[in-house]
Amino acid sequence: MHDTNLRIGVITPHPPSTGTLNEYGLHLVRSLALKEEVDEVVVFGDTLPDGEHYPDLPHTRFVDCWRFNSLRSAWRIRRAVVREDVDVAIFNVQFATFGDRRVAAALGLLAPLLVRGTGTRSVVLLHNIMETIDLEGAGFGTSRFVERIIRLAGTIVTWLVLKADLVAVTMPQYVTVLREKYGADNVAVIPHGTFDVPLESDTSVPPGPAQLMAFGKFGTYKQVEPLLDAARILSAEHAVEVVVAGTDSPNAPGYLERVRDAYAGDPVRFTGYVAEEDVPDVFRDATVAVFPYVATTGSSGVVHQAASYSRALVMPDIGDFRRLVEAEGYVAEWFDPADPESLAAAIDRLLSDDTRRVAQGLRNHAVAAGLPMEDVADWYLEHIDFLLTV
């Protein structure tokens, strides 16, 4: 065992930052800070807009040291980690964490290698891998030539990320790819985990129209139109309201405003950005959680959140969604992402059969309750203890 309590650095967006993976960062940091063997968690976050401040949290301190789309983020993170002298640095990242501009995003992911070069142990939680991303669907591949260039760059960046002491991924298939393609022997599966799982399952829904809720950042591979078209089909048999919870993707500015104009008069509500304290109500009010995605870019935090609030899931039969459900034990209604009628039929199976909807919500809550973030934090601490004693 490590002979003193740990000071752990976590490089992540964290609310009030709205960067991708910010909510995951919040819950990972919170869970680590509550552990007896941890003295302090130092969060190396992105610089907030003027007037915004990071919260005061127990056993947690914030150091804002990098900027989204900056070409110097990796070097700034390295310098801050050296100054704070933490025992280990955990990177909560995916390929677009440090920027939606390709060069900035790639350079930011040099940070784990630079930190390890200082003698500080580095652990990367990599939420997606380039080999399973549908670049065109995700809005990154504008042509076959561009897609080939991005995949080549992604391979190089992945190879560099694998120079960390440990790379954790959330699905077994990712380990297989990283071992077979890159010869990596420092990868491990650590489950995604679920946030703030209520002790008691609650499948009840508010009175009124059935709320078909989609949550996320929309406009690239998350597209609202199929859900709205499905709602029009369902309206012949059910009173429904579509709830779009979230904002535009950084790669699709103005998308939701265009959708609002195109579907003016339809029963749809746009919540805008959902603050952390409002997340439970958004999920509890939903009759079903719908995932109108045409591609996936890794394990979905929204799936885990919806399951923790006992919601039935309506999911496209593609990529990582199937692998996630099969690996972790959730249950879902499946649809063809290219067919709004298929989506309408999947939702109808739940709206027409409360017993089916409730049973799926109960099953999903039970699975979520078995994967709390507190346990995920223990997995990280076991790996960290091993790294610090070899």
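Residues numbered from 1 in each chain as written. Predicted model: local features only at pLDDT ≥ 70, side-chain atom pairs only at ≥ 80, totals over all residues. Heavy atoms only, no water.

Attention shifts here to helix 5 (residues 144–161). Because an α-helix completes one turn every 3.6 residues, residues spaced three or four positions apart along the sequence face the same direction. Look at helix 5: 25 Å from first C-alpha to last across 18 residues, which is about the 26 Å you get at 1.5 Å a residue. Among the residues of helix 5, those classed as buried are V146, I150, G154, V157, T158, L160 and V161. Viewed along the axis of helix 5, the buried residues span an arc of 150 degrees, placing them on a single side of the element. Set apart from the buried face of helix 5 by more than 90 degrees, the exposed residues are R144, F145, R148 and L152. Close packing links the buried residues of helix 5 with helix 3 (102–108), helix 4 (111–116), strand 5 (121–126), strand 6 (166–169) and helix 6 (172–182). (Helix = DSSP H or I, 4+ residues; strand = E, 2+ residues; numbered from the N terminus. Expected span 1.5 Å × (residues − 1). Buried < 20%, exposed > 50% of the residue type's maximum accessible area, 1.4 Å probe, protein only. Arc of directions from axis to C-beta. Contact = heavy atoms within 4.5 Å.)

Here we take up the pattern of salt bridges. Summed over the entire model, instances satisfying the criterion amount to 14 salt bridges. For R7, the salt bridge is made with E84, and the minimal N-O distance between the two is 3.8 Å. Of this pair, R7 sits in strand 1 (residues 6–11) while E84 sits in helix 2 (residues 73–84), and the two are 77 residues apart along the sequence. Taking relative accessible area as the criterion, R7 reaches 21% and is therefore assigned partly exposed. Using a relative accessible area of 15% as the deciding quantity, one classes E84 as buried. The residue R322 makes a salt bridge to D317 at a minimum N-O spacing of 2.7 Å. Judged by relative accessible area, D317 falls into the partly exposed class, the value being 39%. (Salt bridge = Lys/Arg side-chain N within 4 Å of Asp/Glu carboxyl O.)

What follows is about the pairing of strand 3 (residues 60–66). By the criterion of burial, strand 3 is predominantly enclosed, with 5 of the 7 residues buried. Across 6 bridges, strand 2 (residues 38–46) lies against strand 3 in parallel orientation. Note that in strand 3 the partner of V43 across the bridge is F62. (Pairing = 2+ DSSP bridges.)

Moving on: the sheet that holds strand 6. Spatial ordering of the open sheet is given by 3-2-1-4-5-6-7, a layout of 7 strands whose pairing is parallel. The open sheet has two edge strands, strand 3 and strand 7 (187–189), and neither has a second partner. In this sheet, adjacent strand axes meet at a mean angle of 25 degrees when their direction is disregarded. As paired strands, strand 1 and strand 4 (residues 88–93) are joined by 4 bridges and run parallel to one another. Within strand 4, the position partnered with V10 by the bridge is I90. (Axes fitted to C-alpha atoms, helices over the stretch in contact; angles between N-to-C directions.)

Fair warning: the whole summary comes from geometry, so function is off the table for now.
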